[in-house]
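Per-entry structural report
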Amino acid sequence: MSREFTEQESVRREARARLEEAGVNPYGYSWEVSHHAKDILEAFDDAKHQGVDGSAPLEEFKVSIAGRMMSRRIMGKASFSHLQDESGRIQIYVTRDDLPEGFYNSVFKKMLDIGDVIGVEGYAFRTRTGEISVHVQKLEVLSKSLRPFPIVKEQDGQVFNEVTDKEFRYRQRYVDLVVNPEVREVFRQRARMITTMRRFMDDRGYVEVETPVLQPLYGGAAARPFTTHHNALDMKLYLRIADELYLKRLIVGGFDGVYEISKDFRNEGLSRFHNPEFTMMELYVAYKDYDWMMGFVEEIVEAVAIELHGSTELQVGENTISFKRPWKRIPLLEAIEEKTGHDLSGKSRDEMAAIAAKLNIEVDDSMGSGKIIDELFGEFVEASLIQPTFITDYPVELSPLAKRHRSKEGLVERFEAICNGKELCNAFSELNDPDDQRARFEEQVVLGLGGDEEAMQLDEDYLRALEYGMPPTAGLGIGIDRLAMLMTNSASIRDVILFPLLRPETGVDDSVEESDD
RNA sequence: GAUCCCGUAGCUCAGCUGGCAGAGCAUCUGACUCUUAAUCAGAGGGUCGUAGGUUCGAACCCUACCGGGAUCACCA
């Protein structure tokens, strides 16, 4: 596919051609890196590495660095430029007389551009104006950049021409990462968060496992799936919406603790809080109940906050959130009573519907009591829960995989942690009575036949596993992206997913429409 | 899916009541061996998201569509 080049692209392509004519490979093979920019800035010591204030430069701080040229200030026979590597930026000082004959004037000045990746050898020094820099003695082209980068400038912490266009940043994340260094930091923190959680669970002896992404039946959550087809077996397959039912089969199999950090897929809308593929961490621990699991959640989230921020308190948007244990625990119905003044416990479905109607919540005949409770919670409670709070004991009809409450009729032993007005995790004492589980599945099937596209499917194999006997088990699911949003103070899930789903871009790949095989 | 806002040079943005398409950075030419939003002198660069419509005349007004953002509803 050919396309017309802009003026600046043509200039860069010509420069690449002239590099090749001059015998300079525009795409080098490797470069021995001795330091990153940050290492040099931290290790530089004025006492040991004197500047050029009249005295001859001391050359003992030799460095070899590589990175992308982000600025150029050319002054006749000498130039300054900033090189950016993963750790940050450092200024380099390039002079005609320190490079091979003709290299400075022809190659450096005429054939290189902002955005090119170069390797540089030289020694560190401090300029007259005080900036630690590298005096270049050898320079190699490692990759010629053929497209102009957005030029972002900065002075005294003030940023000029910052690239803020969300679409540009999400579609060309590679550019976003180059020109907005704080974006790299967000994804480093995300990685550290996951590493911390994994270590936390490994330390307790839980086994990280992998279960099928392609599933003949989908289950474990209320959501619409993506559907695909396996050609050789000629069968319909679903991309998983959750890992739950497979992980609990492993508890039946004798693992006492299993977890999986997985991509799940839900064929639903996109929003600031939703991406069709997202990352979930699910954990199941035998011989424990939901009460124990609340303690576990407090601990692991607190550990993440401390690892990332050195503190249990952090600023998220306008709120200061404290993850310090213990978190508040409120039964769902009490939370609703607190906000609305209405006690729903022991009320019939119709009594609840009347209360909801009084509170200006739309209720139709298809809504059961569980759904009404859920609506009231969503409307009057959820957004007001800023500090991490466990909401406990949900209606049984909303929780087909959770165990009945040991003392409260009509409820299950389930909790959600709510933080900054959003659900952070969902957990319960797992239902291990196979006959009760079958009955719950059958209710779901009825809902599905009634048109509920998010109803669960009846999974005979899962029931067979339960019939062999599953120990009492506590289960947990944490939305990793949601937690990453909190931990990195990001307003949108797209800011914590490297390549969020967007509509296809027109004009970049014309083959998209034709390739309908 | 509904509502509102946005789309102008590679990037960030102006563009008044409808009257010749603008600036800074970047790019190109020249000068400059301690600059740092480098500076100085000059130059080039546009399908104003797309398609219609109104008008003597549209970046600007109207309609539809495309893309993005925000809010709402469902879900994590």
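Residues numbered from 1 in each chain as written. Chains lettered and ligands numbered in written order. Predicted model: local features only at pLDDT ≥ 70, side-chain atom pairs only at ≥ 80, totals over all residues. Heavy atoms only, no water.

Some points on the overall build of chain A
Put simply, the test is: Counting from the N terminus, the helices are DSSP H or I runs at least four residues long and the strands are E runs at least two residues long. The buried label goes to any residue with under 20% of its type's maximum accessible area, the exposed label to any with over 50%, and the partly exposed label to all in between, with areas taken from a 1.4 Å probe on protein chains only. Two residues form a contact once any of their heavy atoms are found within 4.5 Å. Accessibility throughout is a Shrake-Rupley quantity obtained with a 1.4 Å probe, and a residue counts as covered only by protein chains that appear here. The charge count includes Lys and Arg as positive and Asp and Glu as negative, but it does not include His or the ends of the chains. To locate a charge, take atom NZ for lysine, CZ for arginine, CG for aspartate or CD for glutamate.
A count of helices and strands for chain A gives 15 helices and 20 strands. Projected onto its principal axes, the C-alpha positions of chain A cover 90 × 60 × 50 Å. For chain A, buried positions account for 47% of its 517 residues. Across chain A, contacts joining residues at least 24 apart in sequence account for 65% of those joining residues at least 6 apart. Accessible surface, chain A as shown: approximately 26400 Å² in total, 48% of it carbon and sulfur. Positive and negative side-chain charges in chain A, numbering 63 and 94 respectively, have mean positions lying 5 Å apart.

Things to note about a nonpolar patch on the surface
Where we set the bar: Patch membership requires more than 30% relative accessible area and the absence of a salt bridge. Residues of like charge join within 9 Å; the nonpolar side chains Val, Leu, Ile, Met, Phe, Trp and Tyr join within 5 Å. By convention in these notes, a salt bridge is any Lys or Arg side-chain nitrogen within 4 Å of a carboxyl oxygen on Asp or Glu.
Taken together, the side chains of Tyr 174, Leu 498 and Phe 499 define a hydrophobic patch exposed on the protein surface, amounting to about 340 Å² of accessible area. Along the chain, the position of Phe 499 falls in the loop between helix H14 (480-488) and helix H15 (511-514).

Overview of the domain arrangement of chain A
When the parts of a complex come together, some accessible area is lost, and that lost area is often used as the size of the interface. Spelled out, the test is: An automatic or database domain assignment provides the domain bounds reported here.
Each assigned domain of chain A is listed here: domain 1 (7-149) and domain 2 (183-327 + 387-495). Distance from the C-alpha centre of domain 1 to the C-alpha centre of domain 2: 49 Å.

Some words on the sheet that holds strand S10 (residues 227-230)
Each strand in a sheet pairs with another by means of backbone hydrogen bonds, the pair being arranged parallel or else antiparallel. Condition: Here, any two strands with at least 2 DSSP bridges between them count as paired.
With respect to topology, three strands assemble into an open sheet ordered S9-S11-S10, the strand pairing being antiparallel. In this open sheet, the two strands that pair with only one neighbour each are strand S9 (214-215) and S10. Relative to strand S11 (residues 235-239), S9 runs antiparallel, the two sharing two bridges. Bridged to Gln 215 within S11 is Tyr 238.

Overview of the sheet that holds strand S4 (residues 117-126)
As a reminder of what qualifies: A fitted line through C-alpha atoms represents every axis, and for helices the fit uses only the stretch in contact; the resulting angles, taken between N-to-C directions, go from 0 to 180 degrees.
Here five strands make up a closed barrel; going around it, the order is S1-S2-S3-S5-S4 and the pairing mixed. Neighbour-to-neighbour, the strand axes of this sheet turn through a mean angle of 55°, independent of strand direction. The pairing of strand S2 (residues 78-85) with strand S3 (residues 88-95) spans eight bridges and is antiparallel. Across the sheet, residue Ser 81 finds its bridge partner in S3, namely Ile 92.

A closer look at the packing of aromatic side chains
Note the cut-off: Stacked, edge-to-face and tilted labels apply to pairs of Phe, Tyr and Trp rings (six-membered ring for Trp) whose centres lie within 6.5 Å, assigned for plane angles under 30 degrees, over 60, and everything in between, in that order. Throughout this description, the term charge over a ring refers to an Arg CZ or Lys NZ atom that lies within 6 Å of the ring centre and within 35 degrees of the ring normal.
Tallying each qualifying case throughout the model produces 14 aromatic pairs. With a centroid separation of 5.1 Å and 25° between ring planes, the pair formed by Trp 327 and Phe 390 is classed as stacked. One end of the pair, Trp 327, is in the loop between strand S15 (319-322) and strand S16 (328-331); the other, Phe 390, is in strand S17 (residues 389-395), and 63 residues separate them in sequence. Each member of the pair Trp 327 and Phe 390 is classed as buried. Taken together, the ring pairs in this structure connect Tyr 290, Phe 323, Trp 327, Phe 390 and Phe 415 into an aromatic cluster. Here Arg 414 stacks its cationic end above the ring of Tyr 394, 4.5 Å away from the centre of that ring. Note that Lys 422 overlies the ring of Phe 273, its terminal NZ or CZ placed 4.2 Å from the centroid.

A few points about the pattern of salt bridges
One pass over the full model with this rule turns up 37 salt bridges. Here Asp 113 and Lys 144 are joined by a salt bridge, their closest N and O atoms 2.6 Å apart. Of the two residues, Asp 113 is situated in the loop between helix H3 (103-111) and S4 and Lys 144 in the loop between strand S5 (132-143) and strand S6 (153-155); the sequence distance between them amounts to 31 residues. Comparing Asp 113 with Lys 144 shows no difference in burial state: the two are buried. Among the ionic pairs, Arg 325 bridges to Glu 302, the shortest N-O distance being 3.2 Å. Here the residue Arg 325 occupies a position in the loop between S15 and S16, and Glu 302 occupies one in helix H8 (residues 290-309), the gap between them amounting to 23 residues. On the accessibility criterion, Arg 325 (40% relative accessible area) is partly exposed. Through salt bridges with shared partners, a single ionic network connects Arg 240, Asp 243, Glu 260 and Asp 264.

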